[in-house]
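Residue-level listing of the chains:
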Amino acid sequence: MAETFFHEDEILGKAYDARLIRRLWGYIRPYHLLFFGALGLALMTVGADLIGPFLTQLAIDRYIAPVKTSLPPEARANGVFGMALLYLLALSLGFCLRYLQNFMLNVLGQKVMYDLRSAMFERLQGLSLAFFDHNPVGRLMTRITNDVDALNDFFTSGAVSLIGDTFTMLGVLIILLVESWQLALVVFVVIPPLLIVTAFFQRAMRDNFRAIRVRLARINANIAENISGTQVVQLFNRERRNFAHFDGLNRDYRTQSLRSLFYFALFSPVVNLFAAVATALIVRVGGGAVLSPAHVLSIGALVAFLQYVERFFLPVRDLAEKYTILQAAMASSERIFRVLDEPVTVDDKPQPEPLGAVRGDVEFRDVWFAYNPGEWVLKGISFHIRPGESVAFVGATGAGKTSLISLISRFYDVQRGEVLVDGKNVKDLAQAELRAHVGAVLQDPFIFSGTIASNIRLHESGISDARVREAARFVNAQSFIERLPNGYDEEVRERGAGLSVGQKQLLAFARAIAFNPEILLILDEATSSVDTETEALIQDALEKLMRGRTSIIIAHRLSTIRNVDRIIVLHKGRIVEEGTHEALLERNGYYKRLYELQYAESLSKGA
């Protein structure tokens, strides 16, 4: 499912999908009064717009150029003035109704967008890590920003306006038939070729729109990827190559956008041409009817007829824009609902088992795990860690060490076997309750924008300022924090920009102490890229963190785990050795070879 979602921008959806409209109605329903109010105003606006030509007809036939009249000139002038006032009143009424309609639609759009963004954000936070393994951040950002904005355009200027335009065309056709069915047939002669041309433009604009959406998603994904990897880009002098790649994507997007402008620019003159042909035919046929001795048609009726025809073609001119808005809404809603419908692969049971007081007992029983079906990362792993025990896992890259942390925290579920905490299967526990007792110090700790204090407590109201300071002192972080201009209130930029690697690690340790977990997960690679003084502070903080807690260390450097209670050696997803540092060295096995390899490497670097 996740991989399908990755390529979803290539899917060619329908221009109109009743199923998606029904789902969107679910978000409109709480604000149905706004929707139906705007719809009612739209219909009233149509009535106000269509009454104008009728008033023009009355003014001409009764007062300006009547065939027969007994009215004196002054009465005719007053009559024209009255018709003009009524026409102005109709225009003013249409203006007020259109203003109220637009206001209500924009309020409706903002409310629906708020609900959709909230639903998407909540859904994304609840999805398992497997989903994010296969979906680029740039494309997900497109869902929350561009796609939601496309739906906003649909609600504010598409849906109700499309209904209003439809009623306008129907109303005009009915009025034309009532006024003169002979002249109406003249207009109907133009409609079939107009529909054929409109259908051609719709298909062309639909294909072009899809191409634009695909290229926009590619641009967003590329921008997000390059911004996140700026350091690597600059380090390897990839600026020109990456710009050349982005320039290609950008040119492709520009080409499709210019093609879209071509269709838009061409469609309106084509419609104007049909409107001009219809007008010419009406002038020819209608003029003959007016000039005939029997006066089959009045001058006022002919003028009104021309005005109604103009009003008929106005919605047709807007059809290109409305169709694109509808197409964008369908495509965007399909992508949004794909996110909202993404199955939660790691979910709580309806009635999860309470964890209770946690001792920190961790056990794996014949665990088999794979990120992708059939590609086993862990194969029949079994071990037992007693409360308060410190255990390190070592092995070559790809041996499956880091996967253990994800399984204990239940970021993924095992395919076979069981992961137990205090004798209870983690699948039977509520994820939030389980993770409340598990802390992790990762290789690259994530620092959020905010203050130093908010990054330690993560906005947890139960952690007081005194506890924040105590945690920072406990892990030796207070020295650099107090040197900052604003101390614990110092603002931290995105991802901790401006802080050193060691400082970010110390903040992560302080965070772990503040939340006081019974089970601690550590990647010792955290200390691999800091200076000697900072490393000493971090090692001291690690020892304090591990004291009295069940500690699981994913070890990359064997020199940091000599004093743990037990070492478990992984090789190709299986446990091959287990014991203390000294016992494993005496065994002359896989661990000793790893140790000697690292020792020789450190000597060569020292030389």
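Predicted model only: the values in this text are computed from it and were never measured.

Undergrad: I'm lost on the overall build of the protein in this one. Help?
TA: From N to C terminus, the protein includes 20 helices and 12 strands. For a compact globule of 607 residues, the expected C-alpha radius of gyration is about 25 Å, and the protein comes in at 36 Å, more than 25% above that figure. Viewed in the frame of its principal axes, the protein has a C-alpha envelope of about 125 × 50 × 45 Å. Taking all 607 residues of the protein together, 47% fall into the buried category. Contacts spanning at least 24 positions in sequence make up 78% of the contacts within the protein whose residues lie at least 6 apart. A total of about 31,100 Å² of accessible surface is found on the protein, and carbon and sulfur atoms cover 59% of it. When the 64 positive and 64 negative side-chain charges of the protein are each reduced to one mean point, those points stand 6 Å apart.

Undergrad: Hey, could you run me through the confidence of the model for the protein in this one?
TA: Low pLDDT means the predicted atomic positions in that stretch should not be read closely. In the predicted model, the protein carries a mean pLDDT of 83, and the fraction of residues at 70 or more is 92%. This stretch, residues 1-8, has a pLDDT under 50; its non-local contacts, to residues over four places away or in other chains, come to 22 contacts. The low-confidence segment residues 603-607 (pLDDT under 50) makes 0 contacts with residues lying over four places distant or belonging to another chain.

Undergrad: What am I meant to see in the packing of helix α7 (residues 159-179) against helix α8 (residues 181-228) here?
TA: Two quantities define a packed helix pair, namely the angle between the axes and the distance from one axis to the other. Running from amino to carboxyl end, α7 crosses α8 at an angle of 140 degrees, the nearest separation of the two axes being 6 Å. Judged by the angle between their axes, α7 and α8 are oblique. Of the residues in α8, those in contact with L173, L176, L177 and E179 of α7 are W181, A184, V187, F188 and I191. Looking at side-chain class alone, the contact of α7 with α8 contains 8 nonpolar, no polar and 1 charged residues.

Undergrad: Would you mind showing me how to read helix α12 (residues 401-408) here?
TA: A turn of α-helix holds 3.6 residues, and therefore any two residues three or four places apart point the same way. Along α12, 7 of the 8 residues are buried, which leaves the element largely enclosed by surrounding structure. Positive phi appears at R410, one or two residues downstream of α12, with a value of about 60 degrees.

Undergrad: Just to check I follow, could you spell out helix α2 (residues 18-28) for this structure?
TA: When we look at burial in α2, the residues that qualify are L20, L24 and I28. Each buried residue of α2 lies within a common arc of 95 degrees when the element is viewed along its axis, so the set occupies one face.

Undergrad: Looking at this structure, how should I read empty space enclosed by the protein?
TA: Where empty space is left becomes clear once a probe the size of a water molecule has been rolled over the atoms. Going through the model one piece at a time under the given rule, you end up with 2 cavities of 30 Å³ or more. Its volume calculated, the second largest cavity comes out at about 30 Å³. Every residue along the wall of the second largest cavity is listed here: L407, Y412, D413, V414, V419, N425, V426 and K427. A class-by-class count of the residues in the lining of the second largest cavity yields 5 nonpolar, 1 polar and 2 charged.

Undergrad: Sorry, what's going on with the pattern of salt bridges here?
TA: Side chains that carry opposite charge are capable of pairing whenever their charged atoms lie near each other. Taken as a whole and assessed by the stated rule, the structure comprises 17 salt bridges. D147 is the salt-bridge partner of R335, the closest N and O atoms lying 3.2 Å from each other. Separated by 188 residues along the polypeptide, R335 in helix α11 (residues 299-340) and D147 in helix α6 (residues 137-157) bring together distant segments of the chain. Both residues of the pair, R335 and D147, belong to the buried class. A salt bridge links K592 to E596, with the shortest nitrogen-to-oxygen separation between them at 4.0 Å. Of this pair, K592 and E596 both sit in helix α20 (residues 590-606), 4 residues apart, which is roughly one turn of the helix. The network of salt bridges with shared partners includes R386, E389, R566 and E578.

Undergrad: Before we go on, may I ask you to explain the environment of G388 in this structure?
TA: Here G388 lies in the loop between β2 (376-385) and β3 (390-394). The class of G388 is partly exposed, set by a relative accessible area of 35%. Expressed as a C-alpha distance, the spacing of G388 and R562, which sit 174 residues apart in the sequence, is 17 Å. In contact with G388, other than residues within four places in its own chain, are R549, T550 and D565.

Undergrad: Please explain the sheet that holds strand β6 (residues 438-441) as it appears in this structure.
TA: Backbone hydrogen bonds hold the strands of a sheet together, and the pairing may be parallel or antiparallel. With mixed pairing, the 6 strands of this open sheet are ordered in space as β6-β9-β10-β3-β11-β12. At either end of the open sheet lies a strand with only one pairing partner, and these are β6 and β12 (574-579). Within the sheet, the average angular offset between the axes of one strand and its neighbour, ignoring direction, is 20 degrees. Inspection of the sheet shows β3 paired to strand β10 (residues 550-554) by 4 bridges, in the parallel sense.

Definitions and limits used
Residues numbered from 1 in each chain as written. Predicted model: local features only at pLDDT ≥ 70, side-chain atom pairs only at ≥ 80, totals over all residues. Heavy atoms only, no water. Helix = DSSP H or I, 4+ residues; strand = E, 2+ residues; numbered from the N terminus. Rg over C-alpha atoms; globule rule 2.2 N^0.38 Å. Buried < 20%, exposed > 50% of the residue type's maximum accessible area, 1.4 Å probe, protein only. Contact = heavy atoms within 4.5 Å. Areas by Shrake-Rupley, 256 points an atom, 1.4 Å probe, with all protein chains shown as cover. Lys, Arg positive; Asp, Glu negative; His and termini not counted. Charge placed at Lys NZ, Arg CZ, Asp CG, Glu CD. pLDDT = per-residue confidence, 0-100. Axes fitted to C-alpha atoms, helices over the stretch in contact; angles between N-to-C directions. Parallel < 35°, antiparallel > 145°, perpendicular 65-115°, else oblique. Nonpolar A, V, L, I, M, F, W, Y, C, P; charged D, E, K, R; others polar. Arc of directions from axis to C-beta. 1 Å grid on protein atoms, 1.4 Å probe; cavity = no way out; pocket = protein on both sides within 12 Å on 5 of 7 lines; lining within 4 Å. Points joined across faces, edges and corners; volume = space filled by probe spheres on them. Salt bridge = Lys/Arg side-chain N within 4 Å of Asp/Glu carboxyl O. Pairing = 2+ DSSP bridges.

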